[in-house]
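What follows is the residue order along each chain.
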Amino acid sequence: VLLERARTWRETGLDLLWESNLEAAMTEFENSRAVLIELHQRDRRSPEALFELGQAEYYVGEVYVRRGQIDEAQWHWYRYGVLTRRLVNADPYNPTYVMELAYTLMNIGAVEQQKLLPDFASSLERINQAIQFNRIALGLAPDNPVYQRALTTMLEWKADAHGGLCELGEALEVRQQTVKRRRDILRSEPDDPNDRKDLAFTLNGLANVQEDIGLTGLARTSLQEAVDILRSLSDAEPDHVRKAWEALYRETQLAHLIARDGDTERAAEIMLNHAPRIEELATAASRADTFIAIEAALFDLDLARVHFERQQIARGEERLRNAAARLAQAVVEHPEYRSALDALVHAYFEYWEHFESSPGTEFDRLV
């Protein structure tokens, strides 16, 4: 009964997590974790209780990542790793346990990339280890489609680690592999919404590397396909805030690439047309989700540039101050979160370029 209750709380937490209701999701995951700790203490030899406790540690860590609390996430994921290693040691030919170890190593490697001072070499090492265990699990269960999908995700994190090490050629090669793998997976079930979403995110990752290398035209093609997929998924569930956000925000990224290609008017039109809906969605979701809060601020930063190009200085300054304020709040609340600080640096630099002063945020008072 207790085990079923713990699983029910977890399932509820997963639904809330997808809706970006992080506080409510954390409550469900913590309830589940507390029950599983009790079950494990009652019978430390039970592999089922040990496995489920590892899952509980993972999901609590996932909420911390979404909040931008990287150190806390890492602590829970290390515990997840310790528990999983015990399972593998006891039953090394169990593909489920071997795959869990692969997930553990991937998560530890991935979260390293989000730290304030990331060690990309360490991240790459962990992710390569994860890939090795994933392939061992596939050797034990070669027809498991979940393991095939997971291997693609691990390769995506591997590409990001190469990017962090400025190894852009390797990053591009791995990203191209991941797109091919996603397309192969989708051929078996072309209407599967999760596989379509995964392909969109993978195309987005490829576009980022292509843009970094200077292949702007190819980046536009990749990102346009991602936008088309995400827009169709959002249209199928028009009341789903996160799906709407994923589609709209990537369309604004596409506008950025269009501007880089020289069509600034078209890019500005896209940004201005989407601004009201972006603001509405950000208000609905960003209070709880640090990722969305940062993306919303970056949109304000891009929109400020549009106003400056049109000589709408007051509007541009208002957007820029708004972006800086949002990002400063994220940095103050989550000082170990690199993405927030990187974005804040961009906002401060942009403001200094135009006004030769600081935008005056909460961050100023701390430094």
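These figures come from a predicted structure and were not determined experimentally. Each chain carries its own residue numbering, running from 1 in the direction its sequence is written. Local features in a predicted model are, by the rule used here, given only for residues with pLDDT of at least 70; side-chain atom pairs are given and counted only at 80 or more, and totals for whole chains, interfaces and linings are based on all residues. Only hydrogens and water are removed before side-chain values are computed, so all heavy atoms of the structure are retained for them.

S.K.: So what's going on with unusual backbone geometry? Which residues, and what values?
M.R.: Positive phi outside glycine occurs at Q311, with the angle close to 60°. Secondary structure elements follow DSSP: runs of H or I no shorter than four residues count as helices, runs of E no shorter than two count as strands, and numbering proceeds from the N terminus. Relative to the helices and strands, Q311 is located in the loop between α13 (290-309) and α14 (313-333). According to the relative accessible area criterion, Q311 is exposed, its value standing at 61%. A simple rule labels every residue: compare its accessible area, found with a 1.4 Å probe on the protein chains alone, to the largest value its type can have, and call it buried under 20%, exposed over 50%, or partly exposed in between.

S.K.: Please give an account of helix α10 (residues 216-236) that cites residues and values.
M.R.: Between its first and last C-alpha, α10 extends 30 Å over 21 residues, near the 30 Å set by a 1.5 Å rise per residue. Residues of α10 that are buried include every one of T216, A219, S222, L223, A226, V227, I229, L230, L233 and S234, and no others. The contact rule is simple, with two residues in contact once any of their heavy atoms fall within 4.5 Å. Residues of α10 that are buried make contact with α9 (193-213) and α11 (241-260). Expected helix span is taken as 1.5 Å per residue step, with the number of steps being one fewer than the number of residues.

S.K.: How would you summarise helix α2 (residues 22-42) if you had to cite specific residues and measurements?
M.R.: The terminal C-alpha atoms of α2, which comprises 21 residues, lie 30 Å apart, in line with the 30 Å expected from a rise of 1.5 Å per residue. Where α2 is concerned, the buried positions are L22, A25, M26, E28, F29, S32, R33, V35, L36, L39 and H40. If you follow the buried residues of α2, they end up packed against α1 (2-18), α3 (47-67) and α4 (70-90).

S.K.: Quick rundown of the nonpolar core? Include the residues and the values.
M.R.: Nonpolar side chains in soluble globular proteins tend to be buried together. The set of buried Ala, Val, Leu, Ile, Met, Phe, Trp, Tyr and Cys residues whose side-chain atoms join them within 4.5 Å is what this entry labels a nonpolar core. Counting 71 residues, the largest nonpolar core has F29, L36, W77, M99, Y103, M154 and L327 as the members making the most contacts within it. Element by element, the count of residues in this core is highest for α3, at 11 residues. For M99, the contacting residues outside a window of four places in its chain are N134, A137, Y147, A150 and M154. The next biggest cluster of nonpolar side chains, apart from the first, holds 39 residues, and it includes L172, L199, I229 and I278.

S.K.: Tell me what's going on with the environment of L344, and back it up with residues and numbers.
M.R.: Topologically, L344 is positioned in helix α15 (residues 338-355). For L344, a relative accessible area of 2% gives the class buried. Between the C-alpha atoms of L344 and A328, which are 16 residues apart in sequence, the distance is 6.4 Å.

S.K.: Give me the pattern of salt bridges: which residues, what numbers.
M.R.: Put simply, a salt bridge is a Lys or Arg side-chain nitrogen that is within 4 Å of an Asp or Glu carboxyl oxygen. Tallying each qualifying case throughout the model produces 33 salt bridges. The closest approach of N and O atoms between D195 and R149, which form a salt bridge, is 2.8 Å. Residue D195 is found in helix α9, and its partner R149 is found in helix α7 (residues 145-164); the two are separated by 46 residues along the sequence. For D195, a relative accessible area of 5% gives the class buried. Here the salt bridges share partners, and the residues they tie into one network are E4, R7, R10, E48 and E52.

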